[in-house]
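Spelled out from the first residue to the last, the chains are:
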Amino acid sequence: PEEFVYGEEDFVLQAAGWSDPESAPSQFDRVLLAGWSDRMERGLFRYRLGPLPTRVLPGPVRLVAQLNEQRSAERRPPQSVRSLRDPFDPGAFNFTRLRPAELLFRLRRTGGPGPPPDPLLVAINASPLERGHVLLLPEPARRLPQVLTAPALRGALEAALLSAHPGFCVGFNGLGGGASVNHLHLHGLYLGRPLPLEAAPAEPLGPRLGLLRAGPAPAFLFFAPGPAALEPVSRAVCRAAEHLAGAGLAYNVLATRGDPPAGPGAGGGRGLRVLLWARRPLFGPKAGEPFAVALCELAGLLPLPSEPLYRDITEVQALSAIRQHPLPAPQL
């Protein structure tokens with residue numbers, strides 16, 4: 001694939017506002033969305049993604065429900081995973097098998113701050129949640145299992161800063177936490193509306209760590225006010241994730257534009273909020289669940305598989321399903 005070469009001068013420190021999120025797309029946004037739309041027109045996805053019915057569930061948490069029947073019916077079945085430490089399996093589906101046309105470009109940084117992260121391949125997610133849903137892949141030929149690394153996370157956080165859209169976020173589902181492929185990858189996608197966890201204040205736990213209780217489930221909150229903080233934040237998040245895995249816990253990560261940990265109006269501009277959820281690992285589907293729980297659901301976005309569920313689900317029902325998985329705040 002072609003290279004998308006960027007430097008620190010290409011980071012968008014203040015994204016567009018939610019009043020007009022697509023008012024001034026960055027070069028990254030234009031290239032990604034043009035390539036993504038081209039692949040959609042060429043039939044490289046498992047289904048054609050049109051406008052998705054969306055509604056905010058009444059209630060204090062303001063969960064965003066979205067009907068995506070095709071993803072539920074037509075996505076590739078998740079791989080069978082048996083433990084948090086499953087090795088890469090070359091016999092199972094992995095990203096070395098992507099068709100060349102599924103690759104959009106390779107992200108590569110030149111110049112500061114600090115040493116550049118490993119390049120990331122940007123590929124379409126063939127079963128998309130939203131327009132522009134992509135995979136961020138550290139060199140697939142290295143055949144790394146789905147365990148988050150600091151270089152991979154830092155590359156994804158830099159990608160988030162290359163977008164001028166307020167809803168472009170990046171995330172990671174770990175083994176036992178909703179990952180469907182045991183081959184190192186992150187997700188990038190454009191959300192259509194803000195989520196409460198972008199602005200809610202967090203309780204301080206240390207100089208660079210907070211506890212965020214907003215949203216469906218409590219999470220650790222790390223904050224990067226600018227590009228220079230991406231490397232230490234990436235290392236801190238991955239140290240915490242490794243600690244969780246050592247305790248037998250799965251995890252999910254989401255990075256989104258947001259206010260400083262003290263919340264809006266407390267001083268300081270917006271940066272990147274990086275959320276880390278700890279959860280009891282789940283291997284295989286859980287009987288009786290209305291929907292699977294991974295990073296989107298923990299963040300408050302519910303892609304739902306059927307029209308009756310989308311129409312009738314309440315906030316209480318959705319929170320009951322979600323909160324079976326993450327650790328409650330005292331344990332966290």
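As named in an unreviewed UniProt entry, the chain is GDPP1 phosphorylase, taken from Gymnorhina tibicen.

Trainee: I'd like a rundown of the overall build of the chain, residues and numbers included.
Mentor: Looking only at helices and strands, the chain features seven helices and 14 strands. For 332 residues, the compact-globule estimate of 2.2 N^0.38 gives 20 Å, and the C-alpha radius of gyration of the chain, at 18 Å, lies within 12% of that figure. By its C-alpha atoms, the chain is 45 × 45 × 40 Å across when sized along the principal axes. Burial statistics for the chain: of 332 residues in total, 55% are counted as buried. Here the analysis covers contacts within the chain between residues at least 6 apart in sequence; of these, 73% occur between residues at least 24 apart.

Trainee: Can you break down helix α3 (residues 150–162) residue by residue, with the values?
Mentor: Helix length check: α3 (13 residues) gives 18 Å between terminal C-alpha atoms against 18 Å at 1.5 Å per residue, within 8%. Along α3, twelve of the 13 residues are buried, which leaves the element largely enclosed by surrounding structure. Where α3 is concerned, the buried positions are Ala150, Ala152, Leu153, Arg154, Gly155, Ala156, Leu157, Glu158, Ala159, Ala160, Leu161 and Leu162.

Trainee: Mind laying out the sheet that holds strand β13 (residues 271–279), listing which residues take part and the relevant values?
Mentor: Ordered in space as β1-β4-β5-β6-β8-β7-β12-β13-β11-β10-β9, the eleven strands form an open sheet in which the pairing is mixed. Taken across any chain shown, the strands that pair with only one partner, and hence form the sheet edges, are β1 (3–6) and β9 (203–206). Sheet twist, expressed as the average angle between the axes of neighbouring strands with direction ignored, equals 25 degrees. Taken together, the four bridges between β1 and strand β4 (residues 103–109) define a ladder with parallel strand orientation. Each residue of the ladder has a partner; that of Phe4, found in β4, is Leu107. With respect to the sheet, helix α1 (residues 27–41) is in contact with β1, β4, β5 (120–124), β6 (134–138), β7 (168–173) and β8 (186–190), its orientation differing from that of β4 by roughly 160 degrees. Sitting on the sheet, α3 is in contact with β1, β4, β5, β6, β7, β8, β12 (250–258) and β13, with an inclination near 160 degrees to β7.

Trainee: Talk me through the packing of aromatic side chains; I want residue IDs and the actual numbers.
Mentor: Under the counting rule described, the total for this entry stands at nine aromatic pairs. Seen in terms of ring centroids, Phe93 and Phe95 are 5.8 Å apart; in terms of plane orientation they differ by 85 degrees. Their pairing is edge-to-face. For the residue pair Phe93 and Phe95, the accessibility class agrees, reading buried in each case. Taken together, Phe4, Phe28, Phe105, Phe168 and Tyr190 form an aromatic cluster joined through their ring pairs. Across the ring face of Tyr310, the terminal group of Arg55 is positioned such that the distance to the ring centre comes to 5.7 Å.

Trainee: Any chance you could break down the nonpolar core for me, citing the residues and the numbers?
Mentor: Residues Phe28, Leu32, Leu107, Leu148 and Leu157 are the most contacted members of the largest nonpolar core, which totals 59 residues. At nine residues, α3 tops the list of elements feeding residues into this core. Apart from residues lying up to four places away in sequence, Leu32 is in contact with Leu104, Phe105, Val122, Gly132, Val134, Phe168 and Tyr190. Core analysis: the second largest hydrophobic core is formed by 37 residues, Leu129, Ala200, Trp277 and Leu298 among them.

Trainee: Go over the UniProt feature "domain: GDPGP1-like N-terminal" (unreviewed entry) in the chain with me, naming the residues and quoting the values.
Mentor: Feature annotation in UniProt assigns "domain: GDPGP1-like N-terminal" (unreviewed entry) to the following positions: residues 27–188. Annotated as 21% helix and 20% strand, the span residues 27–188 places its first and last C-alpha atoms 16 Å apart.

Trainee: Explain the pattern of salt bridges residue by residue, including any values.
Mentor: Counting across every chain of the model gives 17 salt bridges. Across the pair Glu139 and Arg106 runs a salt bridge, and its minimum N-O distance is 4.0 Å. Placement of the pair is Glu139 in the loop between β6 and α3 and Arg106 in strand β4, with a sequence separation of 33 residues. Of the residues examined, Glu139 reaches a relative accessible area of 35% and is grouped as partly exposed. On the basis of relative accessible area, Arg106 is assigned to the partly exposed category, the value being 21%. Here Asp259 makes a salt bridge to Arg270, at a shortest N to O gap of 3.5 Å. On the criterion of sequence distance, the pair formed by Asp259 in the loop between β12 and β13 and Arg270 in the loop between β12 and β13 is long-range, its members being eleven residues apart.

Trainee: Before we move on, could you go through the environment of His133 and cite the residues and values that matter?
Mentor: One can find His133 in the loop between β5 and β6. Along the primary structure His133 and Leu52 are separated by 81 residues, whereas in three dimensions their C-alpha atoms are 14 Å apart. Excluding anything up to four places from it in sequence, His133 contacts Trp36, Arg71, Ile124, Asn125, Ser127, Pro128, His187, Gly188 and Leu189. Engagement of the side chain of His133 in a polar contact is seen with the backbone nitrogen of Leu129, the distance being 2.9 Å.

Trainee: Describe unusual backbone geometry, listing the residues and the values that go with them.
Mentor: The phi torsion at Arg62 lies on the positive side, around 60 degrees, for a residue other than glycine. With respect to the helices, strands and loops of the structure, Arg62 is situated in the loop between β2 (54–56) and β3 (64–67).

Trainee: Tell me about the sheet that holds β2, and name the residues and values.
Mentor: Here we have three strands laid out as an open sheet, ordered β2-β3-β14, and mixed in their pairing. In this open sheet, the two strands that pair with only one neighbour each are β2 and β14 (301–304). Here the average twist between neighbouring strands, direction ignored, is 20 degrees. Bridging between β2 and β3 involves three bridges; their strand directions are antiparallel. Among the inter-strand pairings, Arg55 is bridged to a residue of β3, identified as Ala65.

The rules behind these values
Residues numbered from 1 in each chain as written. Predicted model: local features only at pLDDT ≥ 70, side-chain atom pairs only at ≥ 80, totals over all residues. Heavy atoms only, no water. Helix = DSSP H or I, 4+ residues; strand = E, 2+ residues; numbered from the N terminus. Rg over C-alpha atoms; globule rule 2.2 N^0.38 Å. Buried < 20%, exposed > 50% of the residue type's maximum accessible area, 1.4 Å probe, protein only. Contact = heavy atoms within 4.5 Å. Expected span 1.5 Å × (residues − 1). Pairing = 2+ DSSP bridges. Axes fitted to C-alpha atoms, helices over the stretch in contact; angles between N-to-C directions. Phe/Tyr/Trp six-rings, centres within 6.5 Å; stacked < 30°, edge-to-face > 60°. Lys NZ or Arg CZ within 6 Å of the ring centre and 35° of its normal. Core = buried A, V, L, I, M, F, W, Y, C linked by side-chain atoms within 4.5 Å. UniProt positions renumbered as here; feature names shortened; annotations may be inferred. Salt bridge = Lys/Arg side-chain N within 4 Å of Asp/Glu carboxyl O. Polar contact = N/O pair within 3.5 Å; in protein donor to acceptor, adjacent residues only side chain to side chain.

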